Amino acid sequence: MKTGGGSLVFLLAAGVLLTSALAGGQIWAITGSVDAGVLSGVSVAAVMAVAARALYGQISRAGRKKMFASVEELQDGEFVEIRDPMEDSARTVVTTKAQERPDRVAESLRSIMSTKNKPTRKR
């Protein structure tokens, strides 16, 4: 058995006990019968114990192999770059307008960089 097997058994057993206690308590709260609550709790515990045993068997058979890990290496072609279509269209518009009217773009840049248009802070 690999390291950490005891903690897995503990977690599975705690899950079975808590689930059966919750189910039994729910039946007891609905019906008001303690016998029905205990009987349903025991039956849920039996079913959950079988399922937990099967799960533990699968995990222990897997051994050191990771169950959900991929052993393949990722290739660069498997990644996709997601772009915002609005950003691309705005960039295209700016590029085409800059090519059509470079004098207007230059004037816009001059107005942005000029000091007369910058607000001054008052002290």
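Residues numbered from 1 in each chain as written. Predicted model: local features only at pLDDT ≥ 70, side-chain atom pairs only at ≥ 80, totals over all residues. Heavy atoms only, no water.

### What about the overall build of the chain?
1) Next: Along its length, the chain carries four helices and zero strands.
2) Next: Taken from N to C terminus, the helices and strands of the chain fall in the order α-α-α-α.
3) Next: Classification of the 123 residues of the chain by burial places 11% in the buried group.
4) Next: Pairs at least 24 residues apart make up 54% of the contacts formed inside the chain by residues separated by at least 6 positions. (Helix = DSSP H or I, 4+ residues; strand = E, 2+ residues; numbered from the N terminus. Buried < 20%, exposed > 50% of the residue type's maximum accessible area, 1.4 Å probe, protein only. Contact = heavy atoms within 4.5 Å.)

### Observations regarding a nonpolar patch on the surface
1) Next: Together, W28, V34, V38 and V42 make up an exposed nonpolar region whose accessible area comes to about 400 Å².
2) Next: Broken down by element, the residue count for the nonpolar patch peaks at three residues, all from helix α2 (residues 34–62).
3) Next: When you line up the elements, W28 lands in helix α1 (residues 5–31).
4) Next: Residue W28 is classed as partly exposed on the basis of its relative accessible area of 47%. (Patch = residues over 30% accessible without salt bridge, like charges linked within 9 Å, V, L, I, M, F, W, Y side chains within 5 Å. Areas by Shrake-Rupley, 256 points an atom, 1.4 Å probe, with all protein chains shown as cover. Salt bridge = Lys/Arg side-chain N within 4 Å of Asp/Glu carboxyl O.)

### Some points on the side chain of S40
1) Next: Of note, S40 is situated in helix α2.
2) Next: Discounting chain neighbours no more than four positions away, the residues touching S40 are A23, G24 and I27.

### Some points on the environment of I59
1) Next: Within the fold, I59 resides in helix α2.
2) Next: You can call I59 buried: its relative accessible area is 17%.
3) Next: Sequence separation between I59 and L8 is 51 residues, and the spatial gap between their C-alpha atoms is 9.6 Å.

### Some words on the side chain of S20
1) Next: The topology assignment puts S20 in helix α1.
2) Next: The exposure class of S20 is buried, given its relative accessible area of 9%.
3) Next: Within the structure, the side chain of S20 is placed 2.9 Å from the backbone oxygen of L17, a separation counted as a polar contact.
4) Next: The residues contacting S20, other than those within four sequence positions of it, are G41, V44 and A45. (Polar contact = N/O pair within 3.5 Å; in protein donor to acceptor, adjacent residues only side chain to side chain.)

Limitation: the analysis is restricted to geometry and does not speak to function.
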